[in-house]
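# An overview of the molecular structure
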Amino acid sequence: MCRFKAAFARPQPPHLMATMLIFVLNGPNLNLLGKREPEVYGKASLGDLKQLVETKAKALGLAIDFRQSNHEGVFIDWIHEAREKAAGLILNPGAYTHTSIAIHDALKALTCPTIEVHLSNIHAREAFRRHSYVSPAATGVICGLGAHGYLAALDALRGLLDKRPKD
């Protein structure tokens, strides 16, 4: 009888699944973490960051899909994919933060909570880095905390998801 029910059960929306899936998307040049300007971005590699995020997510009862691309179109495709698969989104769009209306538009199509994260404090850097096209489309923004910003984003998403209606 259980198999029969399972065969005809409607798939649950991502925010109702037992282990909610969070997409963590990293933009251009983040594959160079630990090598490129470590005085700005830290000494940890992207692999180190992934491990840190996965450990924290597991403790919060969340599953992670952690990705990085240097290509804007790929990044946008992943945001579209998040519409169907993710309960929440953490994204560090890198330099696309300051240039991409297309990423802004893709985010506007999401219904899940979205946290924009930056390792450095973009407001304390060059003038061209102080404007974000992404922020108006995000639920929240965390910057300047290094890798801990990703962990704070996970905490924030967990809290936001717990407050959502369960039906």
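Notes on the structure follow. Just so we're clear, the structure is a prediction, and the values are computed from it rather than from any experiment. (Residues numbered from 1 in each chain as written. Predicted model: local features only at pLDDT ≥ 70, side-chain atom pairs only at ≥ 80, totals over all residues. Heavy atoms only, no water.)

## Description of the overall build of the chain
Assigned secondary structure in the chain consists of 6 helices and 5 strands. Secondary structure elements of the chain, listed N to C terminal, follow the sequence α-β-α-α-β-α-β-α-β-β-α. Here the chain holds 167 residues, and 42% of them are scored as buried. Taking the intrachain contacts of the chain between residues at least 6 apart in sequence as the baseline, contacts between residues at least 24 apart amount to 79%. Counting every atom, the chain has about 9000 Å² of accessible surface; 56% of that belongs to carbon and sulfur. (Helix = DSSP H or I, 4+ residues; strand = E, 2+ residues; numbered from the N terminus. Buried < 20%, exposed > 50% of the residue type's maximum accessible area, 1.4 Å probe, protein only. Contact = heavy atoms within 4.5 Å. Areas by Shrake-Rupley, 256 points an atom, 1.4 Å probe, with all protein chains shown as cover.)

## Side note on the nonpolar core
Ranked by internal contacts, the top residues of the largest apolar core, which has 24 residues, are Ile-22, Val-24, Val-53, Ile-64, Ile-90, Tyr-150 and Leu-154. Broken down by secondary-structure element, the contributors of at least two residues to this core are β1 (20-26), α3 (46-59), β2 (62-68), β4 (114-118) and α6 (148-163). A total of 6 residues in this core trace back to one element, the largest contributor, which is α6. Not counting chain neighbours up to four residues away, the residues in contact with Ile-90 comprise Ile-22, Phe-23, Val-24, Leu-25, Ile-115, Val-117, Tyr-150, Ala-153, Leu-154 and Leu-157. Residues Leu-89, Tyr-96, Ala-106 and Leu-110 belong to the second largest nonpolar core, which totals 18 residues. (Core = buried A, V, L, I, M, F, W, Y, C linked by side-chain atoms within 4.5 Å.)

## Re the sheet that holds β4
Taken in spatial order, the 5 strands of this open sheet run β2-β1-β3-β4-β5, and their pairing is parallel. Looking at which strands have only one partner, the edges of the open sheet turn out to be β2 and β5 (140-143). Each adjacent strand pair in this sheet contributes to an overall mean axis angle of 20 degrees, direction not counted. Sheet analysis places β1 next to β2, joined by 7 bridges and oriented parallel. Opposite Met-20, over in β2, you have Leu-62 as the bridge partner. Strands in contact with helix α4 (residues 72-85) are β1, β2 and β3 (88-92); relative to β1, the strand with the most contacts, it is inclined by about 170 degrees. (Pairing = 2+ DSSP bridges. Axes fitted to C-alpha atoms, helices over the stretch in contact; angles between N-to-C directions.)

## Observations concerning the environment of Lys-56
Turning to its location among the elements, Lys-56 is positioned in helix α3. Classification of Lys-56 as partly exposed rests on a relative accessible area of 25%. Residues Lys-56 and Leu-154, 98 residues apart in the sequence, show an inter-C-alpha distance of 7.7 Å. Aside from chain neighbours lying at most four places away, what touches Lys-56 is Leu-151, Leu-154 and Asp-155.

## As for α6
Spanning 16 residues, α6 covers 23 Å between terminal C-alpha atoms, matching the ideal 22 Å at 1.5 Å per step. Looking at the buried side of α6, the elements it contacts are β1, α3, β2, β3, β4 and β5. (Expected span 1.5 Å × (residues − 1).)

## As for the pattern of salt bridges
If you walk through the whole model with that rule in mind, you get 6 salt bridges. Between Glu-54 and Lys-50 there is a salt bridge; the shortest N-O distance is 4.0 Å. Remark: Lys-50 and Glu-54 occur in helix α3; sequence separation between them is 4 residues, near one turn of the helix. Among the residues examined, Lys-50 registers a relative accessible area of 33% and is labelled partly exposed. The salt bridge involving Asp-155 is made with Lys-56; its shortest N-O contact spans 3.1 Å. (Salt bridge = Lys/Arg side-chain N within 4 Å of Asp/Glu carboxyl O.)

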